[in-house]
Amino acid sequence: MTISGDPPVWLLMAFQQAFPSLTPEWIVQTAGRDMWAAAIPDSHDKFTIAVPDIEARIAFNFRSAKTKTTILNRPLPRWARYPAGVLLALRDFEVEARGLQVVVVGTEPSGPRYEHAVGIAIAALWYHIHQKSYTIEALVELVERVRRDYVET
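Residues numbered from 1 in each chain as written. Predicted model: local features only at pLDDT ≥ 70, side-chain atom pairs only at ≥ 80, totals over all residues. Heavy atoms only, no water.

**Student:** Honestly, the packing of aromatic side chains in this entry has me stumped. Any pointers?
**Tutor:** Think of a pair of aromatic rings as described by two things: how far the centres are apart, and how the planes are tilted against each other in angle. All told, the structure shown has five aromatic pairs when counted by the stated rule. Ring geometry for Phe 47 against Trp 126: centres 6.2 Å apart, planes inclined by 55 degrees, an arrangement best described as tilted. With a gap of 79 residues between them, Phe 47 in strand 4 (residues 47-51) and Trp 126 in helix 4 (residues 112-129) connect regions that are remote in the sequence. Side by side, Phe 47 and Trp 126 carry an identical accessibility label, which is buried. A connected cluster of aromatic rings, assembled from ring pairs, spans Phe 47, Phe 60, Phe 62 and Trp 126. The lysine or arginine in question, Lys 68, covers the ring of Tyr 150, its NZ or CZ lying 5.1 Å from the ring centre. It is Arg 91 that lies over the ring of Phe 62; its NZ or CZ is 4.5 Å from the centre. (Phe/Tyr/Trp six-rings, centres within 6.5 Å; stacked < 30°, edge-to-face > 60°. Helix = DSSP H or I, 4+ residues; strand = E, 2+ residues; numbered from the N terminus. Buried < 20%, exposed > 50% of the residue type's maximum accessible area, 1.4 Å probe, protein only. Lys NZ or Arg CZ within 6 Å of the ring centre and 35° of its normal.)

**Student:** Whenever I open this one, unusual backbone geometry confuses me. Can you help?
**Tutor:** With glycine set apart, most residues show a phi of negative sign, and most peptide bonds adopt trans. Phi at Glu 55 takes a positive value of approximately 50 degrees, unusual for a residue other than glycine. By the element assignment, Glu 55 lies in the loop between strand 4 and strand 5 (56-60). The residue Lys 68 is not glycine, and still its phi comes out positive at about 55 degrees. Residue placement: Lys 68 occurs in the loop between helix 2 (62-66) and helix 3 (78-92).

Below is the structure:
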């Protein structure tokens, strides 16, 4: 397990509740924010993202994300477009593509700011997993581009 920061107990509890028989392989805190992500790889190239703070869970793959739908062919809710768009964008930058099972928690205010912060947390997690350096400014820029080009289109 690799950990960036000192994870809060409620993150670990949320992960255990979302994925009862699993232990996170990566845990990361988003620099400059009280947002945390815990994850394990998914062998089916599927992304399952649980966000207990908003009582939400979604599953998509790259193919469904391109059409802004879940793997069950339902529209992605607005909050889920941020992580889906971030993962598509990072795949476009030739970062290795594989599925994940993720829990994101944080203390950002609910609404658009929280949705944006979920995208930043997923981006930070992806860079952490692939041991690539990043700045919070680069993450914000990436998520802003995702907002303009993916979330709001």
